[in-house]
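Listed here are the chains, written in short residue letters.
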Amino acid sequence: MNRSHSHEAHDGADSEGTASRARRIARLAAYDELRERHPDMFVNPPGGTIDILLDPSDQERVARETSELAVALGFPEESGDIGLVYRDPYVRVLRDAVRFPSGRTGTYIRIVPESGAPGAAVLPVLSDGRLVLLHHFRHAARGWRWEIPRGFGAPGEDGSEAARRELREELGCDAVDLTYLGPMSSDTGLQAGHDELYLGRVDAAAFQDTPSADAREEGIGNIRPVSLEEFENMLLSGQISDAYTLAAYGLARARDLLRPTD
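Treat the numbers as computed from the prediction; the structure is a model and nothing was measured. (Residues numbered from 1 in each chain as written. Predicted model: local features only at pLDDT ≥ 70, side-chain atom pairs only at ≥ 80, totals over all residues. Heavy atoms only, no water.)

1. Observations regarding the overall build of the protein chain
Here is the rule we go by: In this description a helix means any DSSP run of H or I spanning at least four residues, a strand means any run of E spanning at least two, and both kinds are numbered starting from the N terminus. Each accessible area value is a Shrake-Rupley result obtained with a 1.4 Å probe; residue values ignore everything except the protein chains displayed when judging cover. In this tally, Lys and Arg are treated as positive and Asp and Glu as negative; His is ignored, and so are the chain termini. To locate a charge, take NZ of a lysine, CZ of an arginine, CG of an aspartate or CD of a glutamate.
The helix and strand inventory of the protein chain stands at six helices and eleven strands. Taking the principal axes of the C-alpha coordinates as reference, the protein chain spans close to 85 × 45 × 35 Å. In the form shown here, the protein chain has an accessible surface area of approximately 14700 Å², with 51% of it arising from carbon and sulfur atoms. Averaging the coordinates of the 29 positive side-chain charges in the protein chain and doing the same for the 44 negative ones gives two points 3 Å apart.

See the structure below:
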């Protein structure tokens, strides 16, 4: 190999290695900052079977081993980085170094809401007893789904405030009464925290079944009031598969809050 080319390749490798080290350090620093502000998120509870490794030497070893394995499998070297590996206005993605029950070490991914506030979903029930569903185009699924209003919680907002806001934004009306149904963890294998489920009583006279321009921008194409019997037929036929809608319905039924319409 030409000596100048050899130097160029060496310099390139050094530069790439420096950039990788800087990236790993930054991600761990953000991780440590989050741990200082929210130590409860990093507790290893008594009787827990998967422990988070917080010793820097353990984290460095796990990151190196995981990166080597990732590269061998054709994935990017940064797939082994420990720390806060992604952040946007809605979510943070953490990759923890962990020890499994057998003593084996590795990594685990967690998705944490950026706001720190619970999201909310609300089952709208009109004063005439009908339930309200939204026909919502979901980007992740690349298709339409029948759902109840739901969304992320805003910073400093509690679940009931988030539920009322989602009703106004997606249904265009306020709840006359709001009943807390219970918490919901949408995916305990991946997502930290929980959301809150509510039943919202809505005045039928104030209800409109035409989505606003803002609602259409969110992907809502249709608003459909249905009787309890119609709702349950949609469940049984597979037309409703959204987990929040299923859970809210189940809790409302268990609390005897839904009545068949005449």
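Let us keep going from here.
2. Some remarks on the confidence of the model for the protein chain
Condition: The predictor rates its confidence in each residue with pLDDT, a number between 0 and 100.
Model confidence for the protein chain is summarised by a mean pLDDT of 92, while 94% of its residues fall at 70 or above. Across the protein chain, element-level confidence peaks in strand E1 (residues 51-52) with a mean pLDDT of 98 and bottoms out in helix H1 (residues 3-37) with 78.

3. What to know about the pattern of salt bridges
Two side chains of opposite charge can pair, provided their charged atoms sit close to one another. We apply this condition: Note on definitions: salt bridges are taken to be side-chain nitrogens of Lys or Arg within 4 Å of carboxyl oxygens of Asp or Glu.
According to the stated counting rule, one finds 21 salt bridges in the structure shown. Note that Arg168 and Asp174 form a salt bridge whose closest N and O atoms lie 3.4 Å from each other. In the salt-bridge network here, residues are joined through shared partners; they are Arg23, Arg24, Arg27, Glu77, Glu78 and Asp81.

4. Observations concerning the nonpolar core
To be explicit about the condition: In this text, buried Ala, Val, Leu, Ile, Met, Phe, Trp, Tyr and Cys residues form a nonpolar core when linked through side-chain atoms within 4.5 Å. Remark: exposure states derive from per-residue accessible area (1.4 Å probe, protein chains only) relative to the maximum for the residue type, with buried under 20%, exposed over 50%, and partly exposed in between. Only heavy atoms matter for contacts: two residues are in contact if any of them lie within 4.5 Å across the pair.
Counting residues in each nonpolar core, the largest one holds 22 residues, and the members touching the most others are Leu123, Leu131, Leu133, Phe231 and Leu258. Listed by contribution, the elements that provide at least two residues to this core are strand E5 (120-126), strand E6 (131-138), strand E9 (177-184), strand E10 (195-202), helix H5 (228-236) and helix H6 (243-254). Beyond its immediate chain neighbours, meaning those up to four positions away, Leu123 contacts Leu131, Ile148, Tyr198, Leu199, Gly200, Ala248, Tyr249, Ala252 and Leu258. Leu126, Ala163, Leu167 and Ala215 belong to the second largest nonpolar core, which has 18 residues in total.

5. Some thoughts on empty space enclosed by the protein
Basically, it comes down to this: Grid points spaced at 1 Å over the protein atoms alone were grouped into cavities, where a 1.4 Å probe fits but cannot get out, and pockets, open sets with protein on both sides within 12 Å along at least five of seven lines, with lining residues defined by an atom within 4 Å of a point. Grid points are joined across faces, edges and corners, and a volume is the space filled by probe spheres set on the points. Residues are grouped as follows: Ala, Val, Leu, Ile, Met, Phe, Trp, Tyr, Cys and Pro are nonpolar; Asp, Glu, Lys and Arg are charged; every other residue, Gly included, is polar.
Throughout the structure, instances matching the rule amount to one cavity of 30 Å³ or more. The calculated volume of the largest cavity comes to roughly 50 Å³. If you go around the largest cavity, the residues you meet are Pro113, Met184, Ser185, Ser186, Asp187, Gln191, Ala192, Gly193, His194 and Asp195. Residue composition of the lining of the largest cavity, by class: three nonpolar, five polar and two charged.

6. Quick notes on the packing of H5 against H6
Where we set the bar: For helices, the fitted axis covers only the stretch in contact; all axes are lines through C-alpha atoms, and the angles between them, taken along N-to-C directions, range from 0 to 180 degrees. Convention used here: angles under 35 degrees read as roughly parallel, angles over 145 as roughly antiparallel, angles from 65 to 115 as roughly perpendicular, and any remaining angle as oblique. In this scheme the handedness of a crossing depends on how the near helix is turned from the far one: anticlockwise by less than a right angle means left-handed, clockwise means right-handed.
Between H5 and H6, the shortest axis-to-axis distance is 12 Å and the interhelical angle comes to 130°. Classified by the angle their axes make, H5 and H6 are oblique. Seen along the crossing, H5 lies across H6 with a hand that is left-handed. Along the contact surface, H5 presents Leu228, Phe231, Glu232 and Leu235, while H6 presents Thr245, Leu246, Tyr249 and Arg253. Here the residues of the contact of H5 with H6 sort into five nonpolar, one polar and two charged.

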